[in-house]
Amino acid sequence: MKSTQYSDKVLDHFRKPRNVGTLEGDDVVVGRVGNPVCGDLMEFYVRVRDDRIADIKFKTFGCGSAIATASMITELAKGKTVEEALKITRQDVAEELNGLPPIKMHCSNLAADALRDAIKKYRDKQKPAAGQTTAAAVEHEIGGLEQFIGRGIHQDVSDLSLFKDKRVMVVEHGDRSFEIARGLTKFTPRVILITRQKEPETAALSGDLARSGIKVLYESELAEIRGLNTVEKVLVHDMNENEEYELFVDSVIMLKE
Ligand code: FES
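First, a word on scope: everything that follows refers to the structure included in this document. All figures in this text were calculated on a predicted structure; none of them were measured in a lab.

Rules and cut-offs
- Residues numbered from 1 in each chain as written.
- Predicted model: local features only at pLDDT ≥ 70, side-chain atom pairs only at ≥ 80, totals over all residues.
- Heavy atoms only, no water.
- Helix = DSSP H or I, 4+ residues; strand = E, 2+ residues; numbered from the N terminus.
- Buried < 20%, exposed > 50% of the residue type's maximum accessible area, 1.4 Å probe, protein only.
- Contact = heavy atoms within 4.5 Å.
- Pairing = 2+ DSSP bridges.
- Polar contact = N/O pair within 3.5 Å; in protein donor to acceptor, adjacent residues only side chain to side chain.
- Axes fitted to C-alpha atoms, helices over the stretch in contact; angles between N-to-C directions.
- Core = buried A, V, L, I, M, F, W, Y, C linked by side-chain atoms within 4.5 Å.
- Salt bridge = Lys/Arg side-chain N within 4 Å of Asp/Glu carboxyl O.
- Parallel < 35°, antiparallel > 145°, perpendicular 65-115°, else oblique.
- Nonpolar A, V, L, I, M, F, W, Y, C, P; charged D, E, K, R; others polar.

Here we take up the overall build of the protein. Across its full length, the protein carries 9 helices and 11 strands. Out of the 257 residues belonging to the protein, those deemed buried represent 45%. Long-range pairs, those at least 24 residues apart, make up 59% of the contacts in the protein with a sequence separation of at least 6.

Structure representation (C-alpha cells):
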C-alpha cells in the first residue's frame, strides 16, 4: 500500500460508519481521548451488561481514518467481554481494515485508546471508592508478597536513610506514601512511585512530583515480587496497555492501613 492510499474497507467504513452516536443510562460509561498528534477528539459510549459489551457507539472530531477505525473497533468490540475487548490492539484494527497508511496510524490509536478509557471507567465504577481500598485487598493480588515481607518489603518505615542509594519502589497508598517517596529522594536518586491513578489528583501535586525527580508509574499496579532470597525485581502491570514488565528494585515500601 502506498503511504497515502486507503483500502476499500477503510473507505467503506468512512463512508458508512457503523455505530455512530451516543448512549445514555446508568450502565453506560464514556471513554474520551484527544489525539496528541493532531488535537482531534474521540468519544466512545459503552453499555456493559454482565461484564459484556452490550452496545457501543462513538462520536469523533477526527479525520476519515479516525472514523473508519472507530467504526471498525465498535464492530470488533460489540458482544465481547470487557477482558476480551481490552485485548483489541491498534494493530488488530488496522489489520481488520486491510491496512492504514503509516502516516495515519496515530488516528487508529484514538479509537483503541477511547475504548480502553471507557473500559477503565467501567472497572473503576466496580471498585470500592478511592480510599476504601484496604491494604489487605491490595496485598491480596500481589504474587510473592508474603515471602518477601522483611526481606525487601517494608510495611512501615521510620529511618529513610536505610535506603541510601537503593532502588526503592513506593506503592501509592494515600498521602503518607507521597511523603515517604519525597523524603527518600534525599537519600537516593532512584525512587519509583507506582499508582493506579491516571494522573495526580491536583495540579500542585503534579508540579511537586515533576520537580521531585521521582519516577511515577501511573495507571500501574504491582503484580508480583521476584527474587532469590530478597527482593530483586518486581513485575509491573501497566493497566492502560494491559502489559506486564519487570523492573529491578532493592526494596518495596507498601504501607499498611
Ligand atoms: Fe486527527 Fe486523524 S488526523 S484523528
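Additional details are given in the paragraphs that follow.
With respect to burial, strand β2 (residues 41-49) is a largely interior element, 7 of its 9 residues being buried. In this structure, strand β1 (residues 28-34) lies alongside β2, joined through 7 bridges in antiparallel fashion. Bridge pairing in β2 links Val33 to Met42. Two elements, β2 and strand β3 (residues 52-60), share 8 bridges in a ladder whose sense is antiparallel. The partner of Glu43 across the bridge, within β3, is Lys59. Turn length for the β2-β3 hairpin, with the two strands adjacent in sequence and antiparallel, is 2 residues, and the turn residue Asp50 shows positive phi of about 50°.

With that settled, the discussion passes to the environment of Lys9. Along the chain, Lys9 turns up in helix α1 (residues 8-15). Along the chain, Lys9 and Asn98 lie 89 residues apart, while their C-alpha atoms are 6.8 Å from each other. If near-sequence neighbours (up to four positions away) are discounted, Lys9 is found in contact with Met72, Glu96, Leu97 and Asn98. From its side chain, Lys9 meets the backbone oxygen of Glu96 in a polar contact 2.9 Å long.

Now for the sheet that holds strand β9 (residues 233-238). With respect to topology, 3 strands assemble into an open sheet ordered β8-β9-β10, the strand pairing being antiparallel. The open sheet terminates on both sides in strands that have one partner only, identified here as β8 (220-226) and β10 (243-248). Averaged over all pairs of adjacent strands, the angle between their axes in this sheet comes to 30°, without regard to strand direction. Where β9 meets β10, 6 bridges bridge the pair, whose relative direction is antiparallel. Residue pairing for β10: Lys233 is matched across the bridge by Phe248.

Grouped together as the largest cluster of nonpolar side chains are 34 residues, with contacts concentrated most on Met42, Phe44, Val46, Ile53, Ile73 and Leu115. When residues of this core are traced back to their parent elements, those giving at least two are β1, β2, β3, α2 (64-77), α3 (82-86) and α5 (105-126). Here this core gets 9 residues from one element, more than from any other, and that element is α5.

On inspection of all chains with the given rule, the structure shows 19 salt bridges. Of the charged contacts, one joins Lys233 and Glu246 as a salt bridge, the two residues approaching to 3.6 Å between their closest N and O atoms. Residue Lys233 is located in strand β9, and its partner Glu246 is located in strand β10; the two are separated by 13 residues in the primary sequence. Residue classification places Glu246 among the partly exposed residues on the basis of a relative accessible area of 35%. Through salt bridges with shared partners, one network takes in Glu224, Arg226, Lys233 and Glu246.

This next bit is on the sheet that holds strand β4 (residues 153-154). Reading across from one edge, β4-β11-β5-β6-β7 is the order of the 5 strands in this open sheet, with parallel pairing throughout. The open sheet has two free edges, formed respectively by β4 and β7 (215-217), since each of these has just one partner strand. Note that strand β5 (residues 168-171) and strand β11 (residues 251-253) share 3 bridges and pair parallel. The residue of β11 that forms the bridge with Met169 is Val252.

For the pair α1 and α2, the least separation of the axes is 8 Å and the interaxial angle reads 90°. Considered as vectors, α1 and α2 are oriented roughly perpendicular to each other. Each of Lys9, Val10, His13 and Phe14 in α1 lies in contact with α2, whose residues at this interface are Gly64, Ile67, Ala68, Ser71, Met72 and Glu75. Across the contact of α1 with α2, the residue classes break down as 5 nonpolar, 3 polar and 2 charged.

Turning our eyes to something else, we now look at the environment of Thr60. Relative to the elements of secondary structure, Thr60 occurs in strand β3. Separated by 16 residues in sequence, Thr60 and Phe44 place their C-alpha atoms 8.6 Å apart. A polar contact of 2.8 Å, which involves the side chain of Thr60, links it to the backbone oxygen of Leu41. Of note is the side chain of Thr60, whose polar atom sits 2.8 Å from the backbone nitrogen of Gly62.

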